[in-house]
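Residue-level structure breakdown
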Amino acid sequence: MAASSPAIHTVDLSKRFGSTVALTGLSMTVPRGEIFGFLGPNGAGKTTSVKLLLGLLKPTSGEAWLLGETIGDLKTRNRIGYLPELFRYQGWLDAREVLALHCELAPLERSTWKEEITKALATVGLTDRADDRVSTFSKGMQQRLGLAAALLGRPELVFLDEPTSALDPVGRHDVREIIRGLSARGTAVFLNSHLLSEVEQVCDRVAVVDHGRVIASGTMDELLSGTAVRVRVGGLDGAARTKLAGFGPLDDEGEHLTFTKLDVERVPELVSTIVALGGRIYEVAPRHQTLEDRFLQLLHEEEKS
Amino acid sequence: MLVVSLAPAADVAKYAADLGAETLVPPVLVFARLTIQEASRRRLLLALLVLTLLVVGFSAWGFHKITTVTRSDGTLLPPTQVTLITSQLLIVVTFMYSGVLALSAAVVAGPLISSEVESGLLLSMLARPVRRSEVVIGKWLGLAVLVFVYAAGSAFLELAAVNWATGYLPPHPIELVLYVAAEGLSLLSLGLVLSTRLSGITGGVIALVAWLMAWIAGVVGDIGAGLQNSALQNVGTISHLLLPTDGLWRGAVYAMEPDVILAALRAAGTAGRANPFSAVDPPPNAFLAWVVVWFALMLTLAIWSFRTREI
Ligand SMILES: Nc1ncnc2c1ncn2[C@@H]1O[C@H](COP(=O)(O)OP(=O)(O)OP(=O)(O)O)[C@@H](O)[C@H]1O
Ligand SMILES: [Mg+2]
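Residues numbered from 1 in each chain as written. Chains lettered and ligands numbered in written order. Predicted model: local features only at pLDDT ≥ 70, side-chain atom pairs only at ≥ 80, totals over all residues. Heavy atoms only, no water.

1. Topic: the layout of surface pockets
Residue and element names in this part refer to chain B. Note the threshold: Note on definitions: the grid is 1 Å and covers protein atoms alone; a cavity is a set of points where a 1.4 Å probe fits but cannot get out; a pocket is an open set with protein on both sides within 12 Å along at least five of seven lines; lining residues have an atom within 4 Å of a point. Grid points are joined across faces, edges and corners, and a volume is the space filled by probe spheres set on the points. By definition, any uninterrupted DSSP run of H or I lasting at least four residues is a helix, any uninterrupted run of E lasting at least two residues is a strand, and each is numbered from the N terminus. In the scheme used here, Gly and all other residues not listed as nonpolar or charged are polar, with Ala, Val, Leu, Ile, Met, Phe, Trp, Tyr, Cys and Pro taken as nonpolar and Asp, Glu, Lys and Arg as charged.
A volume near 560 Å³ is recorded for the largest pocket. Surrounding the largest pocket, 22 residues form its lining, Asp-222, His-240, Arg-250, Asp-281 and Pro-284 being those nearest its centre. Residue assignment for the lining of the largest pocket shows that the elements contributing at least two residues are α9 (200-227), α10 (230-242), α11 (245-255) and α13 (285-307). Per-element tally for the lining of the largest pocket: the top contributor is α10, with five residues. Split into classes, the residues belonging to the lining of the largest pocket amount to nine nonpolar, eight polar and five charged.

2. Here's the deal with empty space enclosed by the protein
Residues and elements named next belong to chain B. Scanning the model with the defined rule gives six cavities of 30 Å³ or more in all. Taken as a whole, the largest cavity spans an internal volume of roughly 110 Å³. If you trace the largest cavity, you find it lined by Leu-90, Thr-94, Tyr-97, Ala-151, Ser-154, Ala-155, Glu-158, Leu-159, Leu-176 and Val-180. Contributing elements (two or more residues each) for the lining of the largest cavity: α4 (79-109), α7 (132-166) and α8 (173-195). Sorting elements by how many residues they give to the lining of the largest cavity places α7 first, with five residues.

3. A few points about the coordination of the magnesium ion (ligand 2)
Residue and element names in this part refer to chain A. Formally: With water omitted from the atoms examined, metal sites may look incomplete; donors here are N, O and S atoms no farther than 2.8 Å from the metal, or 3.2 Å in the case of Na, K and Ca. Under the scheme applied here, a residue whose accessible area is under 20% of the maximum for its type counts as buried, over 50% as exposed, and between as partly exposed, the area being computed with a 1.4 Å probe on protein chains only.
For the magnesium ion (ligand 2), the full set of protein donor atoms is Thr-47 (OG1), Glu-85 (OE) and Glu-85 (OE), at a range of 1.9 to 2.7 Å. Here Thr-47 is found in helix α1 (residues 46-53), whereas its partner Glu-85 is found in the loop between β6 (80-83) and α2 (95-105), with 38 residues between them in sequence. By relative accessible area, which is 17% here, Thr-47 ends up buried.

4. A few points about the site of ligand 1
Residues and elements named next belong to chain A. Spelled out, the test is: Distances are taken per atom, and a residue is near a molecule or strand as soon as one of its heavy atoms is within 4 Å of it. Pairs of N or O atoms within 3.5 Å make up the polar contacts considered here, provided that, within protein, one atom can donate a hydrogen while the other can accept it, and that residues adjacent in sequence are counted only when both atoms are side-chain atoms.
The local shell around ligand 1 holds 14 residues, among which Gly-43, Lys-46, Thr-47, Thr-48 and Glu-85 are the closest. One of the backbone nitrogen or oxygen atoms of Ala-44 is found 3.2 Å away from an oxygen atom of ligand 1. A distance of 2.9 Å separates an oxygen atom of ligand 1 from a polar atom in the backbone of Gly-45. When residues in the shell around ligand 1 are grouped by element, the largest group, three residues, is from α1. Split by residue class, the shell around ligand 1 holds four nonpolar, seven polar and three charged.

5. Describing the sheet that holds strand β14 (residues 280-288) of chain A
Backbone hydrogen bonds are what pair the strands of a sheet, in a parallel or an antiparallel way. All names here are of chain A. Rule in force here: When DSSP locates at least two bridges between a pair of strands, those strands are taken to pair. Angles run from 0 to 180 degrees between N-to-C directions of axes, and those axes are lines fitted to C-alpha atoms, restricted for helices to the stretch in contact.
Across the sheet, which stays open at both edges, the four strands sit in the order β12-β13-β11-β14 with antiparallel pairing between neighbours. Looking along the sheet, the strands with just one partner apiece sit at the ends: β12 (250-253) and β14. Sheet twist, expressed as the average angle between the axes of neighbouring strands with direction ignored, equals 15°. Where strand β11 (residues 227-234) lies against β14, eight bridges are found, and the strand directions are antiparallel. Paired with Arg-232 across the strands is Glu-283, a residue of β14.

6. Looking at the pattern of salt bridges
Heads up, the condition is: For salt bridges, the criterion is a side-chain nitrogen of Lys or Arg within 4 Å of an Asp or Glu carboxyl oxygen.
Scanning the model with the defined rule gives 20 salt bridges over all chains in all. A salt bridge links A:Asp131 to A:Arg96; its shortest N-O distance comes to 3.2 Å. With A:Asp131 in the loop between α3 (110-124) and α4 (139-151) and A:Arg96 in helix α2, this pair connects stretches of sequence that are 35 residues apart. Judged by its relative accessible area of 55%, A:Asp131 is exposed. The exposure class of A:Arg96 is partly exposed, given its relative accessible area of 23%. Of the charged contacts, one joins B:Arg131 and B:Glu134 as a salt bridge, the two residues approaching to 3.7 Å between their closest N and O atoms. Connected through shared salt-bridge partners, A:Arg32, A:Arg79 and A:Glu156 make up one network.

7. Remarks on a nonpolar patch on the surface
Residues and elements named next belong to chain B. Here is the rule: Surface patches are defined over residues having more than 30% relative accessible area and no salt bridge, joining like charges when they lie within 9 Å and nonpolar side chains (Val, Leu, Ile, Met, Phe, Trp, Tyr) when within 5 Å. Where accessible areas are quoted, they stem from the Shrake-Rupley method and a 1.4 Å probe; at the residue level, only the protein chains shown are allowed to cover.
Side chains of Leu-46, Leu-49, Val-50, Leu-51, Leu-53 and Leu-54 sit close together on the surface and give an oily, nonpolar patch of about 570 Å² of accessible area. Relative to the helices and strands, Leu-54 is located in helix α3 (residues 44-68). According to the relative accessible area criterion, Leu-54 is exposed, its value standing at 56%.

8. Points about the environment of A:Trp92
Relative to the helices and strands, A:Trp92 resides in the loop between β6 and α2. As for A:Trp92 and A:Glu302, which are separated by 210 residues in sequence, their C-alpha atoms are 46 Å apart.

9. Quick notes on the packing of α8(B) against α11(B)
All names here are of chain B. To keep things clear, this is the line we draw: Here the angle decides the label: under 35 degrees means roughly parallel, over 145 means roughly antiparallel, 65 to 115 means roughly perpendicular, and every other value means oblique. Should the near helix be turned anticlockwise from the far one by less than a right angle, the crossing is left-handed, and should it be turned clockwise, the crossing is right-handed. Throughout, a contact is declared for two residues whenever any of their heavy atoms are within 4.5 Å.
Look at α8 against α11: their axes get within 8 Å of each other, and the N-to-C directions meet at 165°. Relative to α11, the element α8 lies roughly antiparallel. Between α8 and α11 lies a crossing of left-handed hand. In contact with Glu-175, Leu-176, Tyr-179, Val-180, Ala-182, Glu-183, Ser-186 and Leu-187 of α8, α11 contributes Thr-245, Leu-248, Trp-249, Gly-251, Ala-252 and Ala-255.

10. Describing the interface of chain B and chain A
Using the following cut-off: When two parts are brought into contact, each loses some accessible area as probed by a 1.4 Å sphere; the total of that loss over both is the buried area.
In this assembly, 36 residues from chain B lie in contact with 38 residues from chain A. Carbon and sulfur atoms supply 59% of the area buried between chain B and chain A, which totals about 3400 Å² over both sides. Taken together, the connections running from chain B to chain A amount to three salt bridges. Where B:Glu310 meets A:Lys15, a salt bridge forms, and the shortest distance between an N and an O atom there is 2.5 Å.

11. Examining the nonpolar core
Here is the rule: For this analysis, a nonpolar core means a set of buried residues of the types Ala, Val, Leu, Ile, Met, Phe, Trp, Tyr and Cys, connected via side-chain atoms within 4.5 Å.
Membership of the largest hydrophobic core comes to 165 residues, with the highest contact counts inside it found for A:Ile8, A:Leu145, A:Leu157, A:Phe159 and B:Leu188. The element best represented in this core is α7(B), accounting for 14 residues. Once residues within four sequence positions are removed from consideration, A:Leu145 is found in contact with A:Tyr89, A:Ala95, A:Val98, A:Leu99, A:Leu126, A:Val134 and A:Phe137. Of all hydrophobic cores here, the second largest spans 13 residues; its members include A:Leu244, A:Phe259, A:Leu270 and A:Ile274.

12. Regarding α9(B)
Along an α-helix, a turn takes 3.6 residues, which lines up residues three or four apart on a common side. All names here are of chain B. Stated formally: For a helix, the expected span equals 1.5 Å multiplied by the number of residues minus one.
Counted at 1.5 Å a residue, the expected span for α9 with its 28 residues is 40 Å, and the 41 Å between its end C-alpha atoms agrees. Taken residue by residue, α9 has Gly-200, Gly-203, Gly-204, Ala-207, Trp-211, Ala-214, Ala-217, Gly-218, Gly-221, Asp-222, Gly-224 and Ala-225 as its buried positions. Looking at the buried residues of α9, the elements they touch are α4, α5 (114-119), α8, α10 and α11. Where α9 terminates, the next one or two residues include Gln-228, which has phi positive at roughly 55°.

13. Some remarks on the sheet that holds strand β8 (residues 188-193) of chain A
Residue and element names in this part refer to chain A. The six strands are arranged β6-β7-β8-β3-β9-β10 in an open sheet whose pairing can be described as mixed. Of all strands in the sheet, those bounded by a partner on one side alone are β6 and β10 (213-219). Averaged over neighbouring strand pairs, the angle between their axes works out to 15° when direction is ignored. As paired strands, strand β7 (residues 157-161) and β8 are joined by five bridges and run parallel to one another. Across the sheet, residue Asp-161 finds its bridge partner in β8, namely Asn-192. Sitting on the sheet, helix α10 (residues 291-304) touches β3 (35-39), β9 (205-210) and β10, and the angle it makes with β10 is about 150°.

Shown next, in the form of structure tokens:
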């Protein structure tokens, strides 16, 4: 297929483990060069999706294509990078050797290895530890090494399964920069995460999965069109709180109530209702919906249906 | 050079790759090299080398003693006696070597794949253009090289020591090495099959128990031969087919028996067969052919089992 074929295309991809449905009916298209965020709570099926696409798991049903070739095709894999959620590299090799191993398996031309490795190490900030055994690395350094391995050889598509789970704030910032850099040179990035602010900052489009189903997807703007209202309130008991159900999904954090999707026009109505219920309002703050608001709203709606 | 390796076989693969500047090493050899590299970096090879040197040194001293002991009348043992005792002692010492090899092979092969699946080590590698069969064959090949190197190296050292101490050499040293190595290789293959599905310790323990049971079944078969009881004999035969380790061990024993011993065993008739440290005949060709088929079956099984495993 032509180079214009999408980075990822899936049709009704499903996976069961015995009676557990890990993923059902995943249909999506990720164009080249796009940063695609895949969101969902624990056990939603994010890692399963990535493993299916990489051919590490066999789908129960459905089809998928990466870079125009059916999944499991051996040759396309040399154009793909992958940082697993469970990242682990040979402790008895040093960082440079691990990357050389990946260059060899990719396979990249031998003459390019040195440059590729040096570049990847610099990108993830491991240059000064390049000749140390991986077994002496901290968790975060190992994750950086995994990221470096995923970047080798200018892949056209990179899968990052929670790439910042072990990283410090600086590292998280670096990863966002790396992801933007990849996209800028035309590499598509499939980012699994439940760090919503991270996804919000880098992704062009997102899909939200729960219980193996995509419950929403679209660009950031499409998803976050609504407003949320945060209220600081006292004197409301549980019974009173349930009476607020009419104002849409509610994220109840005790003193702080966040109505994750509520039109600004309804704020006066909300205030008078709370007062009528005997609540004392200290603060009302409408804001643009954040991804977290939207996420909680979606999961809330999902639970009800 | 980016990959610095300590192991000779790894260097061979590297030089082969360097000859043609841009020829790439096939993944099978990459995994074989990696396996050898791991054993050497984790000091397994060093530990085996040191232990082997210790045993060789100790046994050289022991064998030397045979030539210097005096009988009650104050004379030394006659050369035929020395040969007899040396050959029997060598069989026992070799049994220990084959045991060490079998144990190491089972312990190393047991977690070979399972531990890397569990830790996630294989995830990033299997996302490369690599077939699962290449992983299995590569790891098998790497360990097979180690098994042969260990069998040949330790046999050379031990036989040199025995020869220095007593002047004795077993009649078929090459066959001896091959049989001992093949025994280690059998356990390696069994361990590899198990490691595609079971966790490391479990696979290793099963392989070890299977090895001991095969050995006992061989003894049972011997007793059957001695008593001319076909049911017991079948136990031995079937166990040799299921796991050829004991059959191969008998081949090694045969390779170490000088003619005098063979003649004595034959003269003893059926009673001469009832002993796991003796062999009257070499392993039949049909058995050796079966061993080759058995290895192929084990590898096929391991590949199939790993290919259908979800990771
Ligand atoms: N090998 C397996 N055997 C059985 N069930 C599995 C297996 N792998 C995953 N599952 C199940 O599939 C579902 C999805 O798991 P998955 O790992 O894809 O979740 P996830 O979205 O990546 O979660 P997390 O955010 O915790 O990483 C879960 O219910 C999980 O229990
Ligand atoms: Mg996951």
